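# Descriptive analysis of the structure
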Amino acid sequence: ADAFGDDMAALLDLYPGLESADEKAGIEFMGDHMFGARAYWYAKHHAEAGHLTRLYHFSRVPPSDDQTAGAFHAAELPFVHGSKVPVFPLTDEDEVLAADMRRYWTNFARTADPNNTSGQEAELVGWPQFDPADPKWLRLDHTIVAESVDRVDRYEIFNRRTARLVADMAAIGEP
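Read on for a plain summary of the structure. As the structure is a prediction and not an experimental result, all values here were calculated from the model. (Residues numbered from 1 in each chain as written. Predicted model: local features only at pLDDT ≥ 70, side-chain atom pairs only at ≥ 80, totals over all residues. Heavy atoms only, no water.)

Take the sheet that holds strand β2 (residues 136-140) next. Read from one edge of the open sheet, three strands run β1-β2-β3, paired in mixed fashion. Edge positions in the open sheet fall to β1 (56-58) and β3 (145-148), since each of these has one partner strand only. Looking at each pair of strands side by side, their axes are set apart by 35° on average, direction ignored. Pairing of β1 with β2, which is carried by three bridges, proceeds in the parallel orientation. Residue pairing for β2: Y56 is matched across the bridge by L138. Packing against the sheet, helix α4 (residues 92-111) makes contact with β1 and β2, and its axis sits at approximately 140° to β2. (Pairing = 2+ DSSP bridges. Helix = DSSP H or I, 4+ residues; strand = E, 2+ residues; numbered from the N terminus. Axes fitted to C-alpha atoms, helices over the stretch in contact; angles between N-to-C directions. Contact = heavy atoms within 4.5 Å.)

This is how it looks when you write it as structure tokens:
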């Protein structure tokens with residue numbers, strides 16, 4: 001409550017079970033706070049500065065009965081790099097997703113445009129440019145879709161706190 005002030009009630013509404021320390025609500029809160037909101041912050045500020053910006057949300061959840069963290073931080077790395085991870089073996093659908101992800105990253109490295117499919121057999125779903133006025137991302141899962149960022153309300157709460165912290169640091173002369 002001290003950290004989020006007037007936004008605390010909204011956070012409790014957005015993360016049902018957070019107040020009672022529900023594990024699922026806590027994991028979702030932590031993932032959004034530590035990773036999603038920060039990526040959104042950087043994308044928003046980068047785009048507002050006039051730079052071409054793209055945002056993605058990797059949502060492929062590892063197939064395990066013991067897995068509770070959802071599509072956790074860095075779970076996309078085996079997909080991007082084509083590496084095999086024994087704790088997360090890739091299914092046939094995962095291999096298709098991995099091939100498409102490598103095409104996006106390779107296209108970007110070659111041409112600065114992840115959507116550049118010239119000379120390639122199959123088209124990729126268009127990865128939209130990030131626009132703070134209408135934020136969209138590429139959701140990467142067995143179905144790849146360009147869609148509106150569905151967590152803007154959550155991210156904006158976290159980022160209001162970040163903006164307050166940045167302002168406080170600036171006021172005391174911290175870099």
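This paragraph deals with α4. Between its terminal C-alpha atoms α4 stretches 29 Å, which fits the 28 Å expected from 20 residues at 1.5 Å a residue. Where α4 is buried, its residues meet β1, α3 (77-81) and β2. (Expected span 1.5 Å × (residues − 1).)

Glancing now at the layout of surface pockets. One number sums up the size of the second largest pocket: a volume of about 170 Å³. Considering the residues around the second largest pocket, the lining is formed by H33, A37, R38, W41, Y42, F158, N159, R161, T162 and L165. Contributing elements (two or more residues each) for the lining of the second largest pocket: α2 (23-48) and α5 (152-171). Looking at the lining of the second largest pocket residue by residue, the classes come out as five nonpolar, three polar and two charged. (1 Å grid on protein atoms, 1.4 Å probe; cavity = no way out; pocket = protein on both sides within 12 Å on 5 of 7 lines; lining within 4 Å. Points joined across faces, edges and corners; volume = space filled by probe spheres on them. Nonpolar A, V, L, I, M, F, W, Y, C, P; charged D, E, K, R; others polar.)

A word on α2. Helix length check: α2 (26 residues) gives 36 Å between terminal C-alpha atoms against 38 Å at 1.5 Å per residue, within 8%. In the structure, α2 departs most strongly from a straight axis at D32, where the bend amounts to approximately 40°. Restricting attention to buried positions, one finds in α2 the residues A25, F29, D32, H33, G36, A37, Y40, W41, A43 and A47. Where α2 is buried, its residues touch α1 (8-14) and α5. Regarding α2, its N-cap is D22, as a side-chain oxygen of that residue lies 3.2 Å from the backbone nitrogen of K24 further along. Phi turns positive, to about 95°, at G50, one or two residues after α2. (Bend = angle between axes of the 7 residues up to and from the residue. Buried < 20%, exposed > 50% of the residue type's maximum accessible area, 1.4 Å probe, protein only. Polar contact = N/O pair within 3.5 Å; in protein donor to acceptor, adjacent residues only side chain to side chain.)

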